[in-house]
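Structure at a glance
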Amino acid sequence: MKIEHFEMERMQSTWENVVDYNLSESGVHPLTLEEFLNPEEVKEIMTEVLGYSQTNGTPELRAEIAKLYPGISIEQILFTAGSSEANFLLMWSNIEPGDEVIFMAPNYMQMWGLMRAFGAKVKPLYLRESLNWAPDLDELKKLVTKKTKIITVTNPNNPTGAVLSQEAMDTIVNLAQKVGAWIVADEVYQGAERNRVTTPSFWGKYDKVFVVNGLSKAYGLPGLRVGWIVGPEDAIKRTWPYHDYTTISPSILSDTLARMVLRADNREKILKRTRDILNKNYPVLESWLKKQDGIFHFIPPLAGAICFARYNLKMNSTELAEKLIHEKSVLIVPGDHFMMDHYLRFGYGPEQGYMLAGLSRVEETLRKLKAS
Ligand SMILES: Cc1ncc(COP(=O)(O)O)c(C=O)c1O
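Residues numbered from 1 in each chain as written. Predicted model: local features only at pLDDT ≥ 70, side-chain atom pairs only at ≥ 80, totals over all residues. Heavy atoms only, no water.

The next point concerns the layout of surface pockets. The space that makes up the largest pocket amounts to roughly 630 Å³. As for the largest pocket, its lining consists of 32 residues, of which Gln12, Glu25, Ser26, Lys217 and Pro222 are closest to the centre. Elements that contribute at least two residues to the lining of the largest pocket include exactly helix 1 (7–15) and helix 4 (82–94). Residues of the lining of the largest pocket, tallied by class, amount to nine nonpolar, 15 polar and eight charged. Looking at the second largest pocket, its volume works out to about 450 Å³. Around the second largest pocket, the lining is made up of 18 residues, and of these Glu4, His5, Phe6, Glu7 and Met109 lie nearest the centre. (1 Å grid on protein atoms, 1.4 Å probe; cavity = no way out; pocket = protein on both sides within 12 Å on 5 of 7 lines; lining within 4 Å. Points joined across faces, edges and corners; volume = space filled by probe spheres on them. Helix = DSSP H or I, 4+ residues; strand = E, 2+ residues; numbered from the N terminus. Nonpolar A, V, L, I, M, F, W, Y, C, P; charged D, E, K, R; others polar.)

Here it is as structure tokens:
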């Protein structure tokens, strides 16, 4: 089976640890263990026996995850190595060649690549900039047919930072219900809202829903590689065997640490840290974007440490991103990676001084391009 290159992930993994300024991340500056572990937890980690973890997640961890989804049992949860493994397992286990699936766009392109590789007919559901990156609900109604097998959404969205309205969520649920389609909702940015209002989950809105989440974005812990799937018990039971063919189980250290992170007091502290970073840094990025001589147009993001800005220079976005890497040692994600040229996705989750230093290098390039 052939697979398309996942361009964004490849560019990030090539450059993120090489450049002076990495402004390509969509989450906040990651935490260290000493920032949240108490002495008993440190002792527990130090004495952990490094065996295999329970492959679907220890019952203790799944009990912590279950607290986030009212009314569910731990049998409805599958622990995965990041939300990316969760997405992979769901696409792999549900898609047959020829299936018709709907994919929100722009978006993190993992599911897009997988759906196409598994032979699905993928229909994009566009978020419209003219609607503040909301979907056009009439368009959505026309997209869903009796053949629609899965509707995938990323909410809050990457790269736009937009959050679906209640009306849009209800419309998606009603349409899915009408044709019996599954909803796969990637909610990994839930909890990273600037206004501190937690994005409502699709969980509980309909019986054919899979929710994906993890600790990489709102919790600032991508290095733990913790994700999970929540779904109906029989659907989780039939997804688990696919896990046996990928990572078997995430690391036991990540299982234990995830349980500690999700304990109410730690969780609250960590999510507060994330929202504080977002609220401290966003105004700085926004005023920088506005200062760039009319080059940028953008809709303020509601969530995620990302701002998707359109620019009016005559240069392709990959060319511009590569110029910034090679001439300024700054990494920014080009719009091409979301199939939208003439946009850049700025990450505003790093330490503020670092972000500003990176932006000032970008500014030098923009000035020259504008002048020429
Ligand atoms: C929407 C979305 N889902 C999943 C992922 C993968 O994250 P992870 O595997 O670290 O949880 C990303 C990463 O950027 C993302 O933006």
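Attention shifts here to the packing of aromatic side chains. Aromatic rings in a pair are described by how distant their centres are and how their planes are angled relative to each other. Enumeration according to the criterion identifies 15 aromatic pairs in this entry. Judged by centre distance (5.6 Å) and plane angle (85°), the rings of Phe296 and Phe346 are edge-to-face. Of the two residues, Phe296 sits in strand 10 (residues 296–298) while Phe346 sits in strand 14 (residues 343–347), which places them 50 residues apart along the sequence. Residue class for Phe346 comes out buried when judged on its relative accessible area of 1%. Here the aromatic residues Phe88, Trp92, Phe118 and Tyr242 are joined through ring pairs into a cluster of three or more. The lysine or arginine in question, Arg194, covers the ring of Tyr282, its NZ or CZ lying 4.0 Å from the ring centre. (Phe/Tyr/Trp six-rings, centres within 6.5 Å; stacked < 30°, edge-to-face > 60°. Buried < 20%, exposed > 50% of the residue type's maximum accessible area, 1.4 Å probe, protein only. Lys NZ or Arg CZ within 6 Å of the ring centre and 35° of its normal.)

Once that is clear, we can look at the packing of helix 4 against helix 8 (residues 233–243). The geometry of helix 4 relative to helix 8 is characterised by a closest axis approach of 9 Å and an angle of 110° between their N-to-C directions. Regarding the angle of helix 4 to helix 8, the classification is roughly perpendicular. Counted together, Glu85, Leu89, Leu90, Trp92, Ser93 and Asn94 of helix 4 and Arg238, Thr239, Tyr242 and His243 of helix 8 form the full contact between these two elements. Looking at the contact of helix 4 with helix 8, its residues break down into four nonpolar, four polar and two charged. (Axes fitted to C-alpha atoms, helices over the stretch in contact; angles between N-to-C directions. Parallel < 35°, antiparallel > 145°, perpendicular 65-115°, else oblique. Contact = heavy atoms within 4.5 Å.)

Another point: the side chain of Ser201. Assignment of secondary structure puts Ser201 in the loop between strand 7 (182–186) and strand 8 (209–214). A distance of 2.8 Å separates the side chain of Ser201 from the side chain of Glu187, its partner in a polar contact. (Polar contact = N/O pair within 3.5 Å; in protein donor to acceptor, adjacent residues only side chain to side chain.)

With that out of the way, let us pick up the sheet that holds strand 6 (residues 148–154). On the basis of which strands lie adjacent, the open sheet formed by eight strands has the order 2-9-8-7-6-3-4-5 and mixed pairing. Of all the strands in the sheet, just strand 2 (77–81) and strand 5 (134–135) have a single pairing partner and so form its edges. In terms of strand pairing, strand 7 meets strand 8 through four bridges, oriented parallel. Looking across to strand 8, one finds that Asp186 is bridged to Val212. (Pairing = 2+ DSSP bridges.)

Let us now look at the nonpolar core. One finds Phe202, Leu215, Phe296 and Phe346 to be the most contacted residues of the largest nonpolar core, which totals 93 residues. Ignoring anything within four residues of it in the chain, the contact list for Leu215 reads Gly220, Leu221, Pro222, Leu224, Val226, Trp228, Ala258, Val261 and Leu262. By size, the runner-up hydrophobic cluster in this structure holds 25 residues, among which are Leu78, Met91, Phe210 and Val212. (Core = buried A, V, L, I, M, F, W, Y, C linked by side-chain atoms within 4.5 Å.)

Near the ligand there are 14 residues, and of these Ser83, Ser84, Asp186, Tyr189 and Ser216 occur at the shortest range. Tyr189 is positioned such that a nitrogen or oxygen atom in its side chain is 2.7 Å from an oxygen atom of the ligand. In this structure, Arg225 approaches the ligand through a side-chain N or O atom, which is 2.7 Å from an oxygen atom. In the complex, the protein chains occlude 94% of the 400 Å² of accessible area that the ligand would expose alone. In this structure the site holding the ligand corresponds to the largest pocket. Here the shell around the ligand takes four residues from helix 4, the largest share from any one element. By residue class, the composition of the shell around the ligand is three nonpolar, eight polar and three charged. (Near = heavy atom within 4 Å. Areas by Shrake-Rupley, 256 points an atom, 1.4 Å probe, with all protein chains shown as cover. Sits in = over half its atoms within 2 Å of the grid points.)

The subject of this paragraph is the pairing of strand 8. Across the six residues that make up strand 8, a large majority, six, are buried. Along strand 8, one buried face is formed by Val209, Val211 and Asn213 and the opposite face, lined by Phe210, Val212 and Gly214, is buried too. Pairing between strand 8 and strand 9 (residues 226–230): four bridges, direction antiparallel. Looking at strand 9, one finds that Gly214 is bridged to Gly227.

Moving on, we come to the packing of helix 11 (residues 317–328) against helix 12 (residues 352–371). Two elements in contact, helix 11 and helix 12, have axes whose closest approach is 10 Å; the angle formed by their N-to-C orientations is 120°. The angle between the axes of helix 11 and helix 12 places the two elements in the oblique class. For the pair helix 11 and helix 12, the sense of crossing is right-handed. Note on element contacts: helix 12 touches helix 11 through Arg361, Val362, Glu364, Thr365 and Leu369, opposite Leu320, Lys323, Leu324 and Lys328. (Left-handed = near helix turned anticlockwise from the far one by under 90°.)

Turning our attention to empty space enclosed by the protein. A full pass over the atoms with the stated rule returns two cavities of 30 Å³ or more. Counted as a void, the largest cavity has a volume near 40 Å³. Lining the largest cavity, in full, are Met104, Leu127, Trp133, Pro135, Thr154, Asn155, Asn157, Ala162, Val163 and Leu164. For the lining of the largest cavity, the per-class residue count stands at seven nonpolar, three polar and no charged. If you add up the space inside the second largest cavity, you get close to 30 Å³. Along the walls of the second largest cavity sit Asn87, Phe103, Asn107, Tyr108, Gln110, Met111, Thr154 and Asp186, which together make up its complete lining. The class makeup of the residues in the lining of the second largest cavity is three nonpolar, four polar and one charged.

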